[in-house]
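Observations on the model geometry
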Amino acid sequence: NLTRETLNTRKLQRKGSALKRKILREARESFEDLQAQERFYQINLKRMEQAENALELTQIRYERGLSDNIDVLDAESAFSNAEFDASKALVAYNIAAIKLANSLGVLDLEWLSLSLAGPENSEETMTAAGYSPTTARKEE
């Protein structure tokens with residue numbers, strides 16, 4: 001009986017260690033995904049800014065008679081596509097943030113209400129959720 005219980009105890013310890021590694025890996029991957037989505041969003045914002053500048057330039061050229069209305073329509077289309085891509089990137093970022101909160105076990109109604117409160121207290125949101133980017137790096 002003692003041998004059997006010893007084996008069961010060791011088995012539970014191995015499972016516990018494996019679960020701990022899995023949780024840490026999942027949290028690390030979620031954090032890296034969040035960082036990647038943030039970079040992707042920033043890139044899309046830059047693309048949108050460039051498309052807006054191109055649209056303004058095309059409109060000026062059109063007003064001066066240097067290009068036709070098809071160029072303006074193309075520039076407007078490119079700007080609309082850039083806006084749409086930026087919106088998609090923001091949605092992907094928000095999904096990654098929710099996945100990270102879920103991986104860390106802090107996803108609850110309080111976390112959601114704090115995250116919806118707005119960016120003016122985003123640092124407060126992170127600390128209220130018991131998580132900050134520096135905490136995640138220390139855990140790795």
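Small disclaimer: the values here were computed from a predicted structure and weren't measured. (Residues numbered from 1 in each chain as written. Predicted model: local features only at pLDDT ≥ 70, side-chain atom pairs only at ≥ 80, totals over all residues. Heavy atoms only, no water.)

**A look at the overall build of the protein chain**
- The helix and strand tally for the protein chain stands at 5 helices and 0 strands.
- Listing the helices and strands of the protein chain from first to last along the sequence gives α-α-α-α-α.
- Taking as baseline every contact in the protein chain between residues at least 6 positions apart, the subset at least 24 positions apart corresponds to 64%.
- Counting only carbon and sulfur atoms, one obtains 53% of the accessible surface of the protein chain, whose full area is about 10,400 Å². (Helix = DSSP H or I, 4+ residues; strand = E, 2+ residues; numbered from the N terminus. Contact = heavy atoms within 4.5 Å. Areas by Shrake-Rupley, 256 points an atom, 1.4 Å probe, with all protein chains shown as cover.)

**What to know about the side chain of threonine 58**
- With respect to the helices and strands, the residue threonine 58 is situated in helix α1 (residues 2–63).
- In this structure the side chain of threonine 58 is engaged in a polar contact, spanning 2.7 Å, whose partner is the backbone oxygen of alanine 54.
- With sequence-adjacent residues up to four places away left out, threonine 58 is seen in contact with Ser67, Asp71, Val72 and Ala75. (Polar contact = N/O pair within 3.5 Å; in protein donor to acceptor, adjacent residues only side chain to side chain.)

**So, the pattern of salt bridges**
- Inspection of every chain in the model, using the stated rule, returns 1 salt bridge.
- Lysine 88 is paired through a salt bridge with aspartate 85; the nearest N and O atoms lie 3.9 Å apart. Of this pair, lysine 88 and aspartate 85 both sit in helix α2 (residues 69–104), 3 residues apart, which is roughly one turn of that helix.
- A relative accessible area of 29% places aspartate 85 in the partly exposed class. (Salt bridge = Lys/Arg side-chain N within 4 Å of Asp/Glu carboxyl O. Buried < 20%, exposed > 50% of the residue type's maximum accessible area, 1.4 Å probe, protein only.)

**A closer look at the side chain of asparagine 44**
- Residue placement: asparagine 44 occurs in helix α1.
- Judged by its relative accessible area of 2%, asparagine 44 is buried.
- If near-sequence neighbours (up to four positions away) are discounted, asparagine 44 is found in contact with Asp85, Ala86 and Ala89.

**A word on the packing of α1 against α2**
- Where α1 meets α2, the closest approach of the two axes is 8 Å, and the angle between their N-to-C directions is 165°. In terms of orientation, α1 and α2 fall into the roughly antiparallel class. As α1 runs across α2, the sense of the crossing is left-handed.
- Taken together, the residues of the contact of α1 with α2 sort by class into 25 nonpolar, 7 polar and 10 charged. (Axes fitted to C-alpha atoms, helices over the stretch in contact; angles between N-to-C directions. Parallel < 35°, antiparallel > 145°, perpendicular 65-115°, else oblique. Left-handed = near helix turned anticlockwise from the far one by under 90°. Nonpolar A, V, L, I, M, F, W, Y, C, P; charged D, E, K, R; others polar.)

**A word on α2**
- Taking 1.5 Å per residue, 36 residues should reach 52 Å; α2 reaches 52 Å between its end C-alpha atoms and fits that length.
- Every buried residue of α2 is accounted for by Val72, Ala75, Phe79, Ala82, Ala86, Ala89, Ala96, Ala97, Leu100, Ala101 and Ser103.
- Its buried side turned inward, α2 meets α1 and α3 (109–116).
- Just beyond α2, the residue with positive phi is glycine 105, at close to 80°. (Expected span 1.5 Å × (residues − 1).)

**As for the confidence of the model for the protein chain**
- In this model, the protein chain carries a mean pLDDT of 84, and residues with pLDDT of at least 70 account for 84%.
- For the protein chain, helix α5 (residues 133–139) is the element with the lowest average pLDDT, namely 40, and α1 is the one with the highest, namely 94.
- Across residues 122–140 the pLDDT falls below 50, and counting only partners more than four positions away or on other chains, this stretch makes 19 contacts in the model. (pLDDT = per-residue confidence, 0-100.)

**Overview of a nonpolar patch on the surface**
- On the surface, a cluster of nonpolar side chains totalling about 350 Å² of accessible area is made up of Ile98, Leu107, Leu109 and Leu112.
- Along the polypeptide, isoleucine 98 turns up in helix α2.
- Judged by relative accessible area, isoleucine 98 falls into the partly exposed class, the value being 37%. (Patch = residues over 30% accessible without salt bridge, like charges linked within 9 Å, V, L, I, M, F, W, Y side chains within 5 Å.)

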